[in-house]
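# Notes for the structure review
As a plain string of letters, each chain reads:
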Amino acid sequence: MNAKHSTLIGKLSLLVVAMFAFGYALVPLYDVFCDITGINGKTASEPVSAEAAIIDTSREITIEFIARPNQQMPWIFKPEVRRMRVHPGEIHIMNYLAENPTGRAIVGQAVPSVSPGQAALFFHKIECFCFTQQYLAGGNDMLMPLQFYVDPALPAQFSTITLSYTLYDVTSQWQDSGQDTESEFGE
């Protein structure tokens, strides 16, 4: 092999490694970018404290709730209410209903999104079923609570916020991590 080929192979190998590293770094970079800008409606994946916020009774915000299972998720998944009017600063609790019509245990994970994306910075979840994976035995149903408030600092241009959850079947990931639904939950 001559020197030109060796140099070219070295450069191409370096390019492949650089492309892999860039692709690997894209997800965390995208998360940071979305957290900073509020784009894509990403909400916090950790609970916030229920600080004593001042309630702004001069404003009402409409919160719309949407729930949809992913195509591979056989659960029935829906909010108890589709729409709620709230004052910024008020703490509210509402439930989502999940039903597993199959004959097998399934572990689900809900991924939230807020629209418009800039309003995500002002929608705070104190407690949410989306913070943890949800186990549901076959043929059972459960209420999954969401406790939230809208920050009174929400800009006046926003009068409606839509909270959407997509529910994914993560049973195989649960089992791949060495956990067994039957022994874990006593079935």
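Just above sits the structure.
Residues numbered from 1 in each chain as written. Predicted model: local features only at pLDDT ≥ 70, side-chain atom pairs only at ≥ 80, totals over all residues. Heavy atoms only, no water.

## Thoughts on the pairing of strand β9 (residues 160-169)
Put simply, the rule is: We call a residue buried when its accessible area falls under 20% of the maximum for its residue type, exposed when it is over 50%, and partly exposed in between, using a 1.4 Å probe and counting protein chains only. Each helix is a run of H or I in the DSSP string that is no shorter than four residues. Each strand is a run of E no shorter than two, and both are numbered from the N terminus. Two strands pair if DSSP finds at least two bridges between them.
The element β9 is extensively covered by neighbouring structure, given that seven of its 10 residues are classed as buried. Bridge analysis of strand β1 (residues 61-69) against β9 gives eight bridges, and the strand direction is parallel. Its bridge partner lying in β9, P69 is registered against L167. In this sheet, β9 lies alongside strand β5 (residues 106-115) in antiparallel orientation, the contact comprising eight bridges. Along β9, the bridge assignment pairs A110 with L167.

## Brief notes about the sheet that holds β9
What counts, and what does not: The convention used is that axes are lines fitted to C-alpha atoms, helices contributing only their stretch in contact, and that angles between N-to-C directions extend from 0 to 180 degrees.
One open sheet holds the five strands; their spatial order is β3-β1-β9-β5-β7, and the pairing between them is mixed. Among the strands making up the open sheet, the edge pair consists of β3 (83-86) and β7 (134-136). Strand-to-strand, the axes of this sheet are offset by a mean angle of 30°, without reference to chain direction.

## Considerations on the pattern of salt bridges
Counted only if it meets this: Any carboxyl oxygen of Asp or Glu within 4 Å of a side-chain nitrogen of Lys or Arg constitutes a salt bridge here.
Under the definition given, this model contains two salt bridges. One salt bridge connects R85 with E60, and the closest N-O pair in it is separated by 3.0 Å. Here the residue R85 occupies a position in strand β3, and E60 occupies one in the loop between α1 (3-37) and β1, the gap between them amounting to 25 residues. Salt-bridge contacts for R83 lead to E64; the nearest nitrogen and oxygen are separated by 2.8 Å. Of this pair, R83 sits in strand β3 while E64 sits in strand β1, placing them 19 residues apart in sequence.

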